[in-house]
Amino acid sequence: MLKIKKFIFNPFQENTYLVWDVESKEALVIDPGCYNENEESQIIEFIIKENLILKYLINTHCHIDHVLGNAFIKNKFNCTFFAPELDMPLLNNLMSQSELFGFKAAKSPTPDKFITEDLKLNLGENYFTFLFTPGHTAGEFSILFDNFCFSGDVLFLDGIGRTDLPGGDYNTLINSIIKKLLVLPDNTEVFPGHGDKTTIGYEKLNNPFLN
């Protein structure tokens, strides 16, 4: 059995997710956006309280609001760090990005491994895979479990990701959503990088960008 905890971090109101297997206590953190001591304490205290073993750190993409906590999480837990290879220019440019927004960001570590669609990882007996969903950035991936998906900044409740930032492309994003996400079962829960969760079925019927 898997559980999910959402934290809302940094001025961009970014969703950082902690996913763990109840039996093995193995866990992963998705897009750590924690950028000050208070936010770092929130996620640390929760991990300690639940006796979790942090196995993976995963970036769906490498915009600043999704990677501000990379260094902290990696240094604290020495978990295996995965990120999209095509987003490495963004990750390598984190310090410059942070200066533009007035943040004091720590330099992100280099990923231990790059994400591919052939990659299959596990938390206990629960396996998850990756869907290549570029368009918001050049390299973004969504993370797929059996009945739920972490969509990064690709698909939101009643919305889609921005395409006016470096690496963004509107047609590519729509193609990613239609070919990779909307083909999932309607009851698939979608946990986006900002805002509330949704389902594939709801977005098929109601998302104004897809109808």
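(A) A look at the overall build of the chain. Looking only at helices and strands, one finds seven helices and 14 strands in the chain. Here the chain has a C-alpha radius of gyration of 16 Å; the compact-globule value for 211 residues is 17 Å, and the two agree. Taken along its principal axes, the extent of the C-alpha atoms in the chain is 45 × 45 × 30 Å. Within the span of the chain, comprising 211 residues, buried residues form 54% of the whole. Here the analysis covers contacts within the chain between residues at least 6 apart in sequence; of these, 63% occur between residues at least 24 apart. For the chain, the computed accessible surface area is about 9700 Å², with 51% contributed by carbon and sulfur atoms. Computed over 17 positive and 28 negative side-chain charges, the separation of the two mean positions in the chain equals 4 Å.

(B) Fine view of helix α6 (residues 170-181). The end-to-end C-alpha separation of α6 is 16 Å, in line with the 16 Å expected for twelve residues at 1.5 Å each. Among the residues of α6, those classed as buried are L173, I174, S176, I177 and L181. Mapping the buried residues of α6 onto a view down its axis gives an arc of 155°, with all of them on the same face. Projecting away from the buried face of α6 at angles above 90 degrees are the exposed residues N171 and K179. Its side-chain oxygen at 3.4 Å from the backbone nitrogen of N171, D169 defines the N-terminal cap of α6.

(C) The arrangement of the pairing of strand β1 (residues 2-9) in detail. Summarising the sheet, β1 and strand β2 (residues 14-21) pair through eight bridges and their orientation is antiparallel. Each residue of the ladder has a partner; that of L2, found in β2, is D21. Between β1 and β2, which pair antiparallel one after the other, the connecting turn spans four residues, and N10 there sits at a positive phi close to 60°.

What counts as what
Residues numbered from 1 in each chain as written. Predicted model: local features only at pLDDT ≥ 70, side-chain atom pairs only at ≥ 80, totals over all residues. Heavy atoms only, no water. Helix = DSSP H or I, 4+ residues; strand = E, 2+ residues; numbered from the N terminus. Rg over C-alpha atoms; globule rule 2.2 N^0.38 Å. Buried < 20%, exposed > 50% of the residue type's maximum accessible area, 1.4 Å probe, protein only. Contact = heavy atoms within 4.5 Å. Areas by Shrake-Rupley, 256 points an atom, 1.4 Å probe, with all protein chains shown as cover. Lys, Arg positive; Asp, Glu negative; His and termini not counted. Charge placed at Lys NZ, Arg CZ, Asp CG, Glu CD. Expected span 1.5 Å × (residues − 1). Arc of directions from axis to C-beta. Polar contact = N/O pair within 3.5 Å; in protein donor to acceptor, adjacent residues only side chain to side chain. Pairing = 2+ DSSP bridges.

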